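# Structural features, examined
Next come the chains, spelled out residue by residue.
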Amino acid sequence: MATADRVIDARGSFCPGPLMEMIRAIKTAEVGQVVEVLTSDSGSRTDIPKWAEKAGQELVEVVNGDDGDAILVRKVK
Amino acid sequence: MPKRLLVVGSGTAGLMVANLVARALEGKLQHHEVEITVLGERDDYIYQPGFLYVAFDLMDPRSLVRPVRDLLHPRVHFVHDRAQRVDAESRTVSTEGGVSLPYDYLVIATGSRIRPEEVPGLAEDAHWFYTLDGAVKLREALQDLRGGRIAVSVGIPHKCPVAPVEFTLMLDAWARTRGLRDALEITYTYPVARAHTIPAVAAFAEAEFERREIKVETFFNMESVDTGTHVLHSQEGTDVAYDLLVTVPPHRGDAFGGASGLAGAGDWYPTDRQFLRVQGHDNIFAVGDTTDLPVSKAGSVAHFESEVVADNLVGLLSEGRRPGHTYAGRAFCFIETGLEEATYISFDFQHPPVVPTPSRSIHFFKQTYNQIHWASLKAVI
Ligand SMILES: Cc1cc2nc3c(=O)[nH]c(=O)nc-3n(C[C@H](O)[C@H](O)[C@H](O)COP(=O)(O)OP(=O)(O)OC[C@H]3O[C@@H](n4cnc5c(N)ncnc54)[C@H](O)[C@@H]3O)c2cc1C
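What follows covers the sheet that holds strand β20 (residues 284-286) of chain B. Hydrogen bonds along the backbone pair up the strands of a sheet, which may run parallel or antiparallel. Residues and elements named next belong to chain B. Sheet architecture is open: 5 strands sit in the order β5-β2-β1-β9-β20, paired in parallel fashion. Strands with a single pairing partner mark the edges of an open sheet, and in this sheet they are β5 (77-80) and β20. Taken over all neighbouring pairs, the strand axes of this sheet differ in orientation by 20° on average, direction set aside. Bridge analysis of strand β1 (residues 3-8) against strand β2 (residues 34-40) gives 6 bridges, and the strand direction is parallel. Across the sheet, the residue bridging to V7 is V38, located in β2. Together, β1, β2 and β9 (105-108) form the strand contacts of helix α1 (residues 12-24), whose direction differs from that of β2 by roughly 165°. Against the sheet, helix α10 (residues 299-319) makes contact with β1, β2, β9 and β20, and its axis sits at roughly 170° relative to β9, the strand it touches most.

Shown next, in the form of structure tokens:
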């Protein structure tokens, strides 16, 4: 698994939701940095990759775990 | 020496915590065993949910403002000044006015504020209903409106998760009653994949928007505004042209937390989700909008969190009892869906909300709450 520069534990959250945590973190991250969001919200598995694609950011990895997923996105611009 | 509780912020959470503890410990306050001080940069309290109604000329702005002193328990001290820095070592908070206030327990309830300046051009060209002045200005703009393209654009993070949906649905209903709706094109933009972060609210809003011919742009995070051509650009590369731009700007915590080295990114306080203590400090609590918790920034959350923190403070102040009451992520929001109907959501960390069918009676409850709120702040109900 790739290593992240910043890890956000958003497990158990419904609102504002792990995707918003990711967007917020990417907005403040440096270009080249990787943000990892831990999430138990099944919607994140599709939403975060979809956002990364629309925003032109790089989806690094989605790791499925027992108590949630880890989703890693690199800020490329 | 009395035990000292200092509360920074005289908004919803600050007043509730101070009043709840004061009511529970009246005897100790009277005998100077406990002392409670609220430090607030404003000496009036403003009921923010009223801004939505001010924008549509449905409430008098003056009815939303009351002196802090009238809302505080008589035995709670009020210091009208701005907190500048916390020194956790010496357990003091210094103020802009040059005063140093000591504490045994500190509650930080400094809320969240809009930061339109984070999006270049936004402050110059957009309206908002997230401050009292802004709501009054927007009211004037709406009174002058004869038609055109209105964009309602939402930034993250922001307080009151449902207010943008409410504003948009109320705008539609308001325009219909004025015979203006056919002359308007309304576009709602939202930062995530759906029209709202909460799936049930998103499904509800998307169906309503479609039925009312309101356009939706998702994955739209405001990046800049071209004030010459009146075009809003997103981080994702999409544009929306407008004649009237109404925004919910992204928010931040108060800068005082960062200056004290206690708050993190966005000036939000890293807060433990059970006891609401600021990370690394057993005697400092964060309540309301200013936490970094994955919960809505809403008055109801401030209320439920205040109850938990106040109960724990009562134990700590009276007998040094370890905090036992925990916060479960409880939140409740009314959703106005027009000028005469409303619905609501109720949820916590473990239970996502559902959206009941809107009704006139729920709208009536919300109108009633707008009055009850004052008693709730005083902790008399
Ligand atoms: C348009 C709108 C509609 C809303 N509708 C609803 C609704 O329907 N339901 C709902 O539940 N919530 C609603 N809310 C949200 C609700 O108003 C807030 O979530 C709530 O007020 C948060 O309480 P708080 O105490 O954390 O912050 P606030 O009530 O904002 O209080 C913070 C206080 O701290 C003070 N302060 C900040 N920094 C300092 C400092 N350094 N020193 C001294 N004082 C300081 C501020 O001046 C302020 O008085 C709405 C908000 C808006 C804007």
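With that settled, consider the environment of G111 of chain B. Residue and element names in this part refer to chain B. Position of G111 among the secondary structure elements: in the loop between β9 and β10 (112-114). A residue is classified by how much of its surface remains accessible, and G111, at 18% relative accessible area, is buried. Sequence separation between G111 and R194 is 83 residues; the distance between their C-alpha atoms is 27 Å. For G111, the residues in contact, after removing those within four places along its chain, are G253, D254, W268, D289 and T290.

Residues and elements named next belong to chain B. Along the chain, the position of H196 falls in the loop between β13 (184-189) and α8 (199-211). With relative accessibility at 0%, the residue H196 sits in the buried group. From its side chain, H196 meets the backbone nitrogen of I198 in a polar contact 3.0 Å long.

This next bit is on the interface of chain B and chain A. On the side of chain A, 19 residues touch chain B, which itself brings 28 residues to the contact. Around 2000 Å² of area is buried between chain B and chain A when both sides are counted, 60% of it from carbon and sulfur atoms. Considering only the side of chain B, the residues that lose the most area to chain A are F219, Q235 and P294 of chain B, jointly responsible for 27% of the buried surface there. On inspection of chain B and its partner chain A, the count reaches 1 salt bridge. Note that R194 of chain B and D47 of chain A form a salt bridge whose closest N and O atoms lie 2.6 Å from each other. When its residues are assigned to classes, the side of chain B that touches chain A shows 16 nonpolar, 8 polar and 4 charged.

Quick look at the sheet that holds strand β17 (residues 239-241) of chain B now. Residue and element names in this part refer to chain B. Read across the sheet, 3 strands follow the order β15-β16-β17 without closing on themselves; strand pairing throughout is antiparallel. Edge positions in the open sheet fall to β15 (222-226) and β17, since each of these has one partner strand only. Strand-to-strand twist in this sheet, taken as the mean axis angle between neighbours without regard to direction, amounts to 20°. Bridging between strand β16 (residues 231-234) and β17 involves 3 bridges; their strand directions are antiparallel. Its bridge partner lying in β17, H233 is registered against D239.

Cut-offs used in this document
Residues numbered from 1 in each chain as written. Chains lettered and ligands numbered in written order. Predicted model: local features only at pLDDT ≥ 70, side-chain atom pairs only at ≥ 80, totals over all residues. Heavy atoms only, no water. Pairing = 2+ DSSP bridges. Helix = DSSP H or I, 4+ residues; strand = E, 2+ residues; numbered from the N terminus. Axes fitted to C-alpha atoms, helices over the stretch in contact; angles between N-to-C directions. Contact = heavy atoms within 4.5 Å. Buried < 20%, exposed > 50% of the residue type's maximum accessible area, 1.4 Å probe, protein only. Polar contact = N/O pair within 3.5 Å; in protein donor to acceptor, adjacent residues only side chain to side chain. Buried area = accessible area lost by both parts, 1.4 Å probe. Salt bridge = Lys/Arg side-chain N within 4 Å of Asp/Glu carboxyl O. Nonpolar A, V, L, I, M, F, W, Y, C, P; charged D, E, K, R; others polar.

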